[in-house]
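Below, each chain spelled out in residue letters.
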Amino acid sequence: VVRHYTLMLLLAFGVLFVGYLLVDILERLEWFARHNATPTDAFRFYAARIPLLASRIVPMSLLLATALTVSVLSFHRELIGMRASGISATRKLSCILVIASLIAPLSFVLNEYIVPRTNALADRLKETEIKDRSETGVLQKVVWYRSGSHVSQARQLDPTLGEATDISIYELGEMGL
């Protein structure tokens, strides 16, 4: 059972990870092309995103591997053979629970410590290398500025480029309205 479950777990994780990675790449292809990203930039970006993708796949692969293992054992009538030998259902499938409970803390460590750091690295790569923005010139959304009796609102402000979009200028009356 351990051998079947481990094989199914690796297979499920690999297939789900490759599928998830391909969907993510296809969603971002236009974005990479728009910002003229090199293949090296894209590779570095995805190298930083691998822990995030893996953290999303682990629970699904555990569930899928469990279902596949039980299905394969049932198809080959091994569950009936174990039951006929006097092995209870709890005992014959307890190794699946043990393996899953060993993976759960590793998944927690991945989600709590590794993923936030690698996401920050991926965001920094996206902003500094792919979009060619310095770290100080972070794009700000909905900026208000008051100068005397005028209030200006910009939907987006990029200090490094000195650009603002969707600017509205309001003139305040005597009552501040």
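Residues numbered from 1 in each chain as written. Predicted model: local features only at pLDDT ≥ 70, side-chain atom pairs only at ≥ 80, totals over all residues. Heavy atoms only, no water.

Asks: I'm lost on helix α1 (residues 2-34) in this one. Help?
Replies: Note: α-helices contain 3.6 residues per turn, so residues at a spacing of three or four share the same orientation. Taking 1.5 Å of rise per residue, the 33 residues of α1 would be expected to cover 48 Å, and the 48 Å separating its terminal C-alpha atoms lies within 8% of that figure. At Arg-28, α1 shows its strongest bend, of approximately 40 degrees. For α1, the set of buried residues is Tyr-5, Met-8, Leu-9, Ala-12, Phe-17, Asp-24, Trp-31 and Phe-32. Packed against the buried residues of α1 are α2 (39-75) and α4 (89-130). Of the residues trailing α1, Asn-36 is marked for its positive phi of about 50 degrees. (Helix = DSSP H or I, 4+ residues; strand = E, 2+ residues; numbered from the N terminus. Expected span 1.5 Å × (residues − 1). Bend = angle between axes of the 7 residues up to and from the residue. Buried < 20%, exposed > 50% of the residue type's maximum accessible area, 1.4 Å probe, protein only. Contact = heavy atoms within 4.5 Å.)

Asks: When you look at the side chain of Ser-55 in this model, what are you seeing that I'm missing?
Replies: Mapped onto the elements, Ser-55 comes out in helix α2. Within the structure, the side chain of Ser-55 is placed 3.3 Å from the side chain of Asn-111, a separation counted as a polar contact. In contact with Ser-55, other than residues within four places in its own chain, are Leu-110, Asn-111 and Val-115. (Polar contact = N/O pair within 3.5 Å; in protein donor to acceptor, adjacent residues only side chain to side chain.)

Asks: For this particular structure, what's the right way to read α4?
Replies: Taking 1.5 Å of rise per residue, the 42 residues of α4 would be expected to cover 62 Å, yet its terminal C-alpha atoms sit only 54 Å apart, more than 12% below that figure. Considering bend angle alone, the principal kink of α4 is centred on Ile-114 and spans about 40 degrees; proline Pro-116 follows within four residues of it. Where α4 is concerned, the buried positions are Lys-92, Cys-95, Ile-96, Ile-99, Ser-107, Leu-110, Val-115, Thr-118, Ala-122, Leu-125 and Ile-130. The elements touched by buried residues of α4 are α1, α2 and α3 (78-84). Asp-132 lies just past α4 and shows a positive phi near 55 degrees.

Asks: Which parts of the structure should I look at to understand the packing of aromatic side chains?
Replies: Counting across every chain of the model gives seven aromatic pairs. Ring centres of Trp-31 and Phe-45 lie 5.9 Å apart, and the angle between their planes is 45 degrees; on these two criteria the pair is classed as tilted. You can see Trp-31 sitting in helix α1 and its partner Phe-45 sitting in helix α2, a full 14 residues away along the chain. Relative accessible area serves as the criterion here: at 12%, Trp-31 is assigned to the buried category. Residue classification places Phe-45 among the buried positions, given a relative accessible area of 2%. What links up through ring pairs into an aromatic cluster is the set Trp-31, Phe-32, Phe-45 and Tyr-46. (Phe/Tyr/Trp six-rings, centres within 6.5 Å; stacked < 30°, edge-to-face > 60°.)

Asks: Even after reading the chapter, I still don't get the nonpolar core, so can you show me in this structure?
Replies: As a rule of thumb, soluble globular proteins bury nonpolar side chains together. In this structure, Trp-31, Phe-32, Ala-42, Phe-45, Tyr-46, Ala-48, Ala-122, Leu-125 and Ile-130 together form the largest nonpolar core, which totals nine residues. Those elements that provide at least two residues to this core are α1, α2 and α4. Examining the composition of this core, we find that four residues originate from one element, α2, more than from any other. Setting aside anything within four residues of it in sequence, one finds Tyr-46 in contact with Leu-21, Asp-24, Ile-25, Arg-28 and Phe-32. (Core = buried A, V, L, I, M, F, W, Y, C linked by side-chain atoms within 4.5 Å.)

Asks: Teacher, can you tell me more about the packing of α1 against α2 here?
Replies: Their axes nearest at 6 Å, the elements α1 and α2 cross at an angle of 140 degrees. The handedness of the crossing between α1 and α2 is right-handed. Tallied by class, the residues present in the contact of α1 with α2 amount to 26 nonpolar, four polar and four charged. (Axes fitted to C-alpha atoms, helices over the stretch in contact; angles between N-to-C directions. Left-handed = near helix turned anticlockwise from the far one by under 90°. Nonpolar A, V, L, I, M, F, W, Y, C, P; charged D, E, K, R; others polar.)

Asks: Would you take a moment to explain the environment of Thr-69 for this structure?
Replies: Its location among the elements puts Thr-69 in helix α2. Residue Thr-69 is classed as buried on the basis of its relative accessible area, which comes to 0%. Along the chain, Thr-69 and Val-18 lie 51 residues apart, while their C-alpha atoms are 21 Å from each other.

Asks: What exactly am I supposed to notice about the pairing of strand β2 (residues 150-158) here?
Replies: The side chains of a regular strand alternate between both faces of the sheet. Alignment of β2 against strand β3 (residues 163-171), held across eight bridges, turns out to be antiparallel. Across the sheet, Val-151 pairs through a bridge with Tyr-170, a residue of β3. Joining the antiparallel neighbours β2 and β3 is a turn of four residues, in which Gly-162 adopts a positive phi near 70 degrees. (Pairing = 2+ DSSP bridges.)

Any link to function would need more than the numbers given here.
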